[in-house]
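# Remarks on the overall topology
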Amino acid sequence: MDFKQLEAFVAVVDYNSFSEAARRLYLTQPTISAHIHTLEAELNSRLIVRTTKKLSITDRGYQLYDYAVRMLHMREHVIEEFTGASKKIIELGASTIPSAYLLPELLSAFGRELPDVYFHAWQSDSAGAIQRVLDGSVDLALAGQKTADENCCFLPFCQDTLVLATPVNSRYLAMDPEQVSFRDFLEEPFILRENGSGTKKEMDLFLEKIGVPSSGLNVVARMNDPEAIKKSIVNGLGISILSSYSVKDLEKTRQILLFPLKESGQKRTFYIVYHKNRILKGYVKQFIRFVEGYYKDV
């Protein structure tokens, strides 16, 4: 077993693709396949099941992935410490909304302050971003929810509101946002996010607060990708509860209509997440302080 084999395996898991892993590592696909085959033979375990239609990771594969990520990070740390040629790289996890709608502005602004810091950003849902902090594969994460895990520190840095997004048609145009309530939409077709997302968790809390069970909604689709949900709304499939940050652009171009959730009475919080037992480098701490202060006057 060597580091190149582990790098290949981690890349295949991260990108869920042999071809994309090869492209990212500047290797050929047969080389990636050979690395995986060698690992499986040495460990006497099936790590990846690949068919013509899909790729799936076995339980033993996920177990090796956790070890491999830690080993690769340890190697990088040793090289940096002993060669003195360390680069200022921040490994950053981000849930969907921060990744798509907050990070571009944040990284651009921070780059003007510290132009020699580079970022490796990994997008997932909130649960996945927090898990990356816990397993040590990122320095920190920006997530739309917090957990009770005592190993994580959660610093609030930005607030958002949930809104009800609908297609632009005569039915919804006739509704007055100031006069309608969420209960007026209970019979409408709903499109929901997956369970790992912070938006879904906040929506569940909202429904619980107003005494409406999720089973009482007319759910026509569940989707992992918020962009797919937005396009489905634009095309008239249904309505959905979404982050206001994620739909500002479509509202401005009048592709969707937004209705406030007046019954909610609360804002959604985004958090900086880091492992309390991990020693953070100085420029990582500087980025955390920058993010904490960026939205204070907004």
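How each quantity is defined
- Residues numbered from 1 in each chain as written.
- Predicted model: local features only at pLDDT ≥ 70, side-chain atom pairs only at ≥ 80, totals over all residues.
- Heavy atoms only, no water.
- Axes fitted to C-alpha atoms, helices over the stretch in contact; angles between N-to-C directions.
- Helix = DSSP H or I, 4+ residues; strand = E, 2+ residues; numbered from the N terminus.
- Parallel < 35°, antiparallel > 145°, perpendicular 65-115°, else oblique.
- Contact = heavy atoms within 4.5 Å.
- Nonpolar A, V, L, I, M, F, W, Y, C, P; charged D, E, K, R; others polar.
- Buried < 20%, exposed > 50% of the residue type's maximum accessible area, 1.4 Å probe, protein only.
- 1 Å grid on protein atoms, 1.4 Å probe; cavity = no way out; pocket = protein on both sides within 12 Å on 5 of 7 lines; lining within 4 Å.
- Points joined across faces, edges and corners; volume = space filled by probe spheres on them.
- pLDDT = per-residue confidence, 0-100.

The next thing to look at is the packing of helix α1 (residues 3-15) against helix α3 (residues 29-43). Between α1 and α3, the shortest axis-to-axis distance is 9 Å and the interhelical angle comes to 105°. In terms of orientation, α1 and α3 fall into the roughly perpendicular class. Taking contact as the criterion, the partners of Lys-4, Gln-5, Leu-6, Ala-8, Phe-9 and Val-12 in α1 are, on α3, Ile-32, His-35, Ile-36, Thr-38, Leu-39 and Glu-42. When the residues that make up the contact of α1 with α3 are grouped by side-chain class, the tally is seven nonpolar, three polar and two charged.

Negative phi characterises most residues that are not glycine, and trans characterises most peptide bonds. The phi angle at Asn-16 is positive, at roughly 50°, despite the residue not being glycine. By the element assignment, Asn-16 lies in the loop between α1 and α2 (18-25). The phi dihedral of Arg-254 falls on the positive side, at around 60°, and the residue is not glycine. With respect to the helices, strands and loops of the structure, Arg-254 is situated in the loop between α10 (244-252) and β11 (256-260). Its relative accessible area of 53% is what places Arg-254 among the exposed residues.

Here Cys-158 is to be found in strand β6 (residues 152-160). Given a relative accessible area of 4%, Cys-158 falls into the buried group. Excluding its chain neighbours within four sequence positions, the residues that come into contact with Cys-158 are Leu-102, Tyr-245, Arg-268, Thr-269, Phe-270 and Tyr-295.

Approximately 530 Å³ is the volume found for the second largest pocket. Taken together, 19 residues line the second largest pocket, and the ones lying closest to its centre are Val-13, Asp-14, Tyr-62, Tyr-65 and Arg-132. Counting residues per element, the ones that place at least two in the lining of the second largest pocket are α1, β2 (55-57), α4 (59-83), β4 (117-123) and α6 (126-135). A total of six residues in the lining of the second largest pocket trace back to one element, the largest contributor, which is α6. Grouping the constituent residues of the lining of the second largest pocket by class yields nine nonpolar, six polar and four charged.

Tracing the backbone shows His-35 in helix α3. With relative accessibility at 16%, the residue His-35 sits in the buried group. Among all residues touching His-35, those that are not within four sequence positions of it are Lys-4, Gln-5, Ala-8 and Leu-27.

Let us now look at the confidence of the model for the chain. As a general rule, the predicted coordinates of low-pLDDT regions are not to be interpreted in detail. With 95% of its residues at a pLDDT of at least 70, the chain reaches an overall mean of 88. The spread of mean pLDDT over the elements of the chain runs between α4, the lowest at 83, and strand β5 (residues 140-143), the highest at 95.

Scanning all chains against the criterion turns up four cavities of 30 Å³ or more. If you add up the space inside the second largest cavity, you get close to 50 Å³. Around the second largest cavity, the lining residues are Ser-95, Thr-96, Ile-97, Asp-125, Ser-126, Arg-193, Ser-197, Gly-198, Thr-199 and Arg-268. When contributions to the lining of the second largest cavity are tallied by element, the ones reaching two or more residues are α5 (96-113) and α8 (198-210). Across the lining of the second largest cavity, the residue classes tally to one nonpolar, six polar and three charged.

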